[in-house]
Amino acid sequence: MYLLIPFSDQSPTFVHGVEFGRLLTQMENGQMVVENQGFPVHAANAKVLKAAAKQYGYTPVFGPCTDQTGKLYPDWLAFRAVKLPASN
(Lines give C-alpha, C1' and ligand atoms only; values in the text may rest on other atoms or scores of the structure.)
Protein backbone atom coordinates (compact mmCIF):
# COMPACT_ATOMS: atom_id res chain seq x y z
CA MET A 1 0.00 0.00 0.00
CA TYR A 2 1.40 3.40 -0.97
CA LEU A 3 0.51 6.85 0.30
CA LEU A 4 -1.33 8.64 -2.51
CA ILE A 5 -2.00 12.02 -0.89
CA PRO A 6 -0.08 13.05 2.21
CA PHE A 7 -2.09 15.05 4.76
CA SER A 8 -0.46 18.11 6.26
CA ASP A 9 -2.21 17.22 9.54
CA GLN A 10 -1.63 13.52 10.09
CA SER A 11 -3.22 13.28 13.52
CA PRO A 12 -5.15 10.03 13.96
CA THR A 13 -8.48 11.80 14.45
CA PHE A 14 -8.09 13.74 11.21
CA VAL A 15 -7.08 10.69 9.19
CA HIS A 16 -9.86 8.53 10.70
CA GLY A 17 -12.40 11.28 10.02
CA VAL A 18 -11.42 11.59 6.38
CA GLU A 19 -11.64 7.82 5.92
CA PHE A 20 -15.03 7.61 7.65
CA GLY A 21 -16.39 10.57 5.69
CA ARG A 22 -15.56 8.93 2.38
CA LEU A 23 -17.36 5.74 3.39
CA LEU A 24 -20.32 7.57 4.93
CA THR A 25 -20.84 9.47 1.68
CA GLN A 26 -21.21 6.16 -0.17
CA MET A 27 -23.83 5.04 2.35
CA GLU A 28 -25.69 8.35 2.14
CA ASN A 29 -25.75 7.98 -1.65
CA GLY A 30 -27.29 4.49 -1.32
CA GLN A 31 -24.53 2.54 -3.06
CA MET A 32 -25.29 -1.17 -2.93
CA VAL A 33 -21.73 -2.05 -1.85
CA VAL A 34 -19.54 0.32 0.16
CA GLU A 35 -15.77 -0.22 0.10
CA ASN A 36 -12.60 1.78 0.65
CA GLN A 37 -11.43 1.47 -2.96
CA GLY A 38 -9.57 -1.75 -2.25
CA PHE A 39 -7.79 -0.43 0.83
CA PRO A 40 -8.32 -1.57 4.40
CA VAL A 41 -9.81 0.73 7.02
CA HIS A 42 -8.38 1.76 10.38
CA ALA A 43 -9.54 -0.61 13.12
CA ALA A 44 -10.27 2.52 15.20
CA ASN A 45 -13.13 3.30 12.79
CA ALA A 46 -14.92 -0.04 13.24
CA LYS A 47 -17.34 1.18 15.92
CA VAL A 48 -18.48 4.27 13.99
CA LEU A 49 -18.68 2.30 10.73
CA LYS A 50 -20.95 -0.27 12.42
CA ALA A 51 -23.18 2.52 13.74
CA ALA A 52 -23.39 4.22 10.33
CA ALA A 53 -24.13 0.92 8.60
CA LYS A 54 -26.99 0.25 11.00
CA GLN A 55 -28.40 3.76 10.53
CA TYR A 56 -28.29 3.58 6.73
CA GLY A 57 -29.44 -0.04 6.33
CA TYR A 58 -26.18 -1.86 5.57
CA THR A 59 -24.63 -5.07 6.80
CA PRO A 60 -20.99 -4.33 7.66
CA VAL A 61 -18.42 -7.06 7.12
CA PHE A 62 -14.99 -6.80 8.72
CA GLY A 63 -12.06 -9.14 8.30
CA PRO A 64 -8.42 -9.36 9.24
CA CYS A 65 -5.90 -7.41 7.21
CA THR A 66 -2.95 -9.49 6.07
CA ASP A 67 -0.29 -9.19 3.40
CA GLN A 68 0.79 -11.82 0.85
CA THR A 69 2.97 -13.57 3.46
CA GLY A 70 0.11 -13.83 5.95
CA LYS A 71 1.47 -11.15 8.25
CA LEU A 72 -1.40 -9.68 10.29
CA TYR A 73 -1.84 -5.90 10.62
CA PRO A 74 -3.99 -5.47 13.76
CA ASP A 75 -4.49 -1.71 13.29
CA TRP A 76 -6.23 -2.33 9.95
CA LEU A 77 -9.35 -4.23 8.86
CA ALA A 78 -10.75 -5.37 5.55
CA PHE A 79 -14.16 -3.69 5.20
CA ARG A 80 -17.24 -3.94 3.04
CA ALA A 81 -20.84 -2.95 3.72
CA VAL A 82 -23.73 -4.35 1.71
CA LYS A 83 -27.10 -2.60 1.42
CA LEU A 84 -29.92 -4.57 3.03
CA PRO A 85 -33.01 -5.19 0.90
CA ALA A 86 -35.81 -2.72 1.61
CA SER A 87 -38.45 -4.17 3.90
CA ASN A 88 -42.09 -3.91 2.84
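Participant: Even after reading the chapter, I still don't get the overall build of the chain, so can you show me in this structure?
Facilitator: Along the chain, the regular secondary structure elements total two helices and four strands. For the chain, the α and β elements follow one another from N to C terminus as α-β-β-α-β-β. Buried positions account for 27% of the 88 residues belonging to the chain. Across the chain, every contact between residues at least 6 apart in sequence was considered, and the portion connecting residues at least 24 apart equals 56%. Accessible surface for the chain amounts to roughly 6300 Å². Of this, 59% is attributable to carbon and sulfur atoms.

Participant: Would you explain the side chain of His42 in this entry?
Facilitator: Mapping His42 onto the fold places it in strand β2 (residues 41–42). A residue is classified by how much of its surface remains accessible, and His42, at 15% relative accessible area, is buried. For His42, the side chain forms a polar contact with the side chain of Glu19, separated by 2.9 Å. Not counting chain neighbours up to four residues away, the residues in contact with His42 comprise Val15, His16, Glu19, Asp75 and Trp76.

Parameters at a glance
Position numbers for residues count from 1 along each chain, tracking the sequence in the order it is written. Per-residue local features of the predicted model are confined to residues with pLDDT of at least 70, and side-chain atom pairs are confined, for both listing and counting, to 80 or more; whole-chain, interface and lining totals are unaffected and use all residues. Where side-chain values are given, they derive from all heavy atoms of the structure, hydrogens and water being excluded. Put simply, DSSP marks the helices as runs of H or I at least four residues long and the strands as runs of E at least two long, and each gets a number from the N terminus on. The buried label goes to any residue with under 20% of its type's maximum accessible area, the exposed label to any with over 50%, and the partly exposed label to all in between, with areas taken from a 1.4 Å probe on protein chains only. When checking whether two residues touch, look at their non-hydrogen atoms; a contact exists if any pair is within 4.5 Å. Method for areas: the Shrake-Rupley scheme with a 1.4 Å probe, in which residue coverage is limited to the protein chains shown. N or O atoms closer than or at 3.5 Å make up a polar contact, with two conditions inside protein: a donor-capable atom paired with an acceptor-capable one, and, for residues adjacent in sequence, both atoms drawn from side chains.

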